[in-house]
Amino acid sequence: MKEKISQVFKEKFGSEEGVFYASAGRINLIGEHTDYNGGFVFPGAIDKVIMAEIKPNGTEKVRVFSIDIDEYAEFGLKEEDAPSQSWARYIFGVCREIIKRGGKVEGFDAVFAGNVPLGAGLSSSAALESCFAYALNDMFNGNTIEKFELAKIGQSTEHNYCGVNCGIMDQFASVFGKKDNLMRLDCRSMEYEYFPFSPTGYKLVLVDSRVKHELKDSPYNKRRQSCERVAKRLGVDTLRDATAEALDSVKGDITAEDYFRAKFVIEEKERVLAVCDALVKGDYATVGEKMYETHHGLSKDYEVSCEELDFLNDVAKECGVTGSRIMGGGFGGCTINLVKNTLYDQFISTAKEKFNAKYGHEPMIYDVVISDGAHRCE
Ligand code: GAF
């Protein structure tokens, strides 16, 4: 990827080299739709990245080329200069959010590419935001912007320039990711802890339904509104501070839909803690059980699954896979599966065969390798 970027950079912007930066997509073992509810998440960065070569160009313009989309965009750094291409708005948003916080961004040339599958729920957008946030901090701000602020710059980009009212999980994972470690983040206090993750005798594997997941025009924002309505009714800041009993006490005053959304969130925050405890004890059976519970909740109560993902979850169960669930925002994308090494080949071939027979194409399979987050490539 680096060679290809370098070659295209020379063609577009001349022979003087820029600096390379990369940031990663993410998985999340458990803790879905809890981030914007002040709950816990348990993500890790993966070995699929967005990589960019970047060089200041001495002007007030940003000139950027996306190899994968095969498109060029050029924009200024003022609010009214927003580009029309949606992919370029991620980069523009990052520039603007840095400037709004008093940071410095000058014109630059950039070429980028990636191998984070798009629309698979692996947060290619957070990888893109984090890559540029990290780079512009290094290039123009002497690395004075703190890592948490870099994640927030990515999140605000989604809110203010891309129409997704997301939580902090994806950008946090992309910025803070560490090889062989998952991270438990408390999205209320923002405290986090690394958990070494290399389950003996198991693999984590993603099965991508190839149903394209796009949060912008999905009911993701509506889910968040449901949670906020219930929190307000309960008189708490977020559902992190709500209990199942409190929820039941207002059941008659809220819609059935809002009730089930909140019920899922309240249950999910407990599951993350249970999974962390189980992991420390090497109790993978419990980890897997909780993953299935999450899938059930996301499908039936939170209603962010789809037929194809429910089908993949059923296949995993039939094959005796230890844990399986839809991962990320939902409405398409992947299931994440905790599979015994001894069952791996059989599970993958059965999933491919059955999915193909029903939907006319095979799912994509990605073995999860937990890797480092945003960095400058030496
Ligand atoms: C998406 C969002 F971007 C995250 O903030 C998070 O809410 C996730 O969906 C669901 O857990 O990836």
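To keep things clear, this report deals only with the structure shown in the data block. Being a predicted model, the structure only gives us computed values, none of them experimental. The written sequence of each chain sets the order in which its residues are numbered from 1. Two thresholds apply to this predicted model, a pLDDT of at least 70 for residue-level local features and 80 or more for giving and counting side-chain atom pairs, whereas whole-chain, interface and lining totals are computed over all residues.

Observations regarding the overall build of the chain
Now for step 1: Where helices and strands are cited, they refer to DSSP runs of H or I of at least four residues and of E of at least two residues respectively, numbered from the N terminus. A tally of regular secondary structure across the chain gives 11 helices and 13 strands.
Now for step 2: Compactness check: the chain gives a C-alpha radius of gyration of 21 Å against a globular reference of 21 Å for 378 residues, within 12% of the reference.
Now for step 3: Expressed as lengths along the three principal axes of its C-alpha atoms, the size of the chain is roughly 60 × 50 × 40 Å.
Now for step 4: Each residue is classed by its C-beta neighbour count within 10 Å, where at least 20 other C-beta atoms makes it buried, 12 or fewer makes it exposed, and intermediate counts make it partly exposed; the C-beta atoms are placed from backbone geometry. Here the chain holds 378 residues, and 49% of them are scored as buried.
Now for step 5: In this description, any two residues whose backbone-derived C-beta atoms lie within 7 Å of each other are considered to be in contact. Contacts spanning at least 24 positions in sequence make up 72% of the contacts within the chain whose residues lie at least 6 apart. With C-alpha atoms as the basis for the radius of gyration, the globule rule is written as 2.2 Å multiplied by the number of residues raised to the power 0.38.

Some details on the sheet that holds strand β3 (residues 43-56)
Now for step 1: Ordered by their spatial adjacency, 6 strands build an open sheet running β5-β4-β6-β3-β1-β13, and the pairing between neighbours is mixed. Of all strands in the sheet, those with a lone pairing partner are β5 (71-76) and β13 (375-377), marking the two edges. Adjacent strand axes in the sheet meet at a mean angle of 30°, parallel and antiparallel pairs treated alike.
Now for step 2: One ladder, built from 9 bridges, connects strand β1 (residues 19-28) with β3; its direction is antiparallel. Its bridge partner being in β3, Ala-24 is matched across the sheet by Val-49.
Now for step 3: Only the contacting stretch of a helix is used when fitting its axis, a line to C-alpha atoms as for every element, and angles between N-to-C directions run 0 to 180 degrees. Its contacts with the sheet place helix α2 (residues 86-100) against β4 (61-66) and β5, and it is angled at close to 145° to β4.
Now for step 4: With respect to the sheet, helix α3 (residues 124-140) is in contact with β1, β3, β6 (108-114) and β13, its orientation differing from that of β1 by roughly 145°. In short, DSSP must find at least two bridges between two strands for them to pair.

Overview of helix α4 (residues 147-161)
Now for step 1: To estimate how far a helix should extend, the number of its residues minus one is multiplied by 1.5 Å. For α4, which comprises 15 residues, the first-to-last C-alpha distance of 21 Å matches the rise-based estimate of 21 Å (1.5 Å per residue) to within 8%.
Now for step 2: Buried residues of α4: Leu-150, Ala-151, Lys-152, Ile-153, Gly-154, Gln-155, Thr-157, Glu-158 and Tyr-161, and no others.

Describing helix α10 (residues 307-319)
Now for step 1: The first and last C-alpha atoms of α10 sit 18 Å apart over 13 residues, in line with the 18 Å expected at 1.5 Å per residue.
Now for step 2: Every buried residue of α10 is listed here: Leu-309, Leu-312, Asn-313, Val-315 and Ala-316. The arc enclosing the buried residues of α10, seen along the axis, measures out at 160°, which places them on a common side. In α10, the exposed residues that point more than 90 degrees away from the buried face are Glu-307 and Glu-318.
Now for step 3: The secondary structure elements touched by the buried residues of α10 are β9 (202-208), α9 (284-301), β10 (323-326), β11 (334-340) and α11 (341-359). Think of the arc as the fan of directions from the helix axis to the C-beta atoms.

A look at the sheet that holds strand β2 (residues 40-41)
Now for step 1: Overall, antiparallel pairing links the 3 strands, which are arranged β2-β7-β8 in an open sheet. Only two strands of the sheet have a single partner each, and these edge strands are β2 and β8 (192-196).
Now for step 2: Here helix α5 (residues 169-176) sits on the sheet and contacts β2, β7 (181-186) and β8; the angle it forms with β7, its principal contact strand, is near 135°.

Quick word on the pairing of β1
Now for step 1: Within β1, 9 of the 10 residues are buried, which leaves it mostly tucked inside the rest of the structure.
Now for step 2: Two elements, β1 and β13, share 3 bridges in a ladder whose sense is antiparallel. Across the sheet, residue Tyr-21 finds its bridge partner in β13, namely Arg-376.

A closer look at the site of the ligand
Now for step 1: In the vicinity of the ligand, the contacting residues are Glu-32, His-33, Asp-35, Tyr-36, Ser-123, Cys-166, Gly-167, Met-169, Asp-170, Gly-328 and Gly-329.
Now for step 2: Residues were grouped as follows: Ala, Val, Leu, Ile, Met, Phe, Trp, Tyr, Cys and Pro as nonpolar; Asp, Glu, Lys and Arg as charged; and all remaining residues, including Gly, as polar. Classifying every residue of the shell around the ligand gives 3 nonpolar, 5 polar and 3 charged. Any residue whose backbone-placed C-beta atom lies within 6 Å of a molecule or strand is treated as near that molecule or strand.

Some details on the nonpolar core
The nonpolar side chains of a soluble globular protein tend to be buried, and buried together.
Now for step 1: To form a nonpolar core, buried Ala, Val, Leu, Ile, Met, Phe, Trp, Tyr and Cys residues must be joined through C-beta atoms within 7 Å. The biggest cluster of nonpolar side chains holds 105 residues, and the ones touching the most others in it are Ile-50, Ala-52 and Cys-131.
Now for step 2: Take this core: its biggest share by element is 10 residues, from α3.
Now for step 3: Bear in mind that the domain bounds are from an automatic or database domain assignment. When we break this core down by domain, the ones giving at least three residues each are domain 1 (2-197 + 372-376) and domain 2 (202-368).
Now for step 4: Every residue in contact with Cys-131, bar those within four places of it in the chain, is listed here: Tyr-21, Ala-22, Ser-23, Ile-50, Ala-52 and Ala-374.

Some points on the pairing of β9
Now for step 1: With 6 of 7 residues buried, β9 is to be regarded as a mostly interior element.
Now for step 2: Taken together, the 7 bridges between β9 and β11 define a ladder with antiparallel strand orientation. Each residue of the ladder has a partner; that of Lys-203, found in β11, is Val-339.
Now for step 3: Sheet analysis places β9 next to strand β12 (residues 364-367), joined by 4 bridges and oriented antiparallel. Bridge pairing links Val-207 to Ile-365 in β12.

Quick notes on unusual backbone geometry
Now for step 1: Positive phi outside glycine occurs at Asp-180, with the angle close to 60°.
Now for step 2: Assignment of secondary structure puts Asp-180 in the loop between α5 and β7.
Now for step 3: On the neighbour-count criterion, Asp-180 (14 C-beta atoms within 10 Å) is partly exposed.
Now for step 4: Despite not being glycine, Glu-303 shows a phi value in the positive range, around 50°.
Now for step 5: Structurally, Glu-303 can be placed in the loop between α9 and α10.
Now for step 6: Owing to 17 C-beta atoms within 10 Å, Glu-303 belongs among the partly exposed residues under this scheme.

Purely geometric numbers; function is a separate question.
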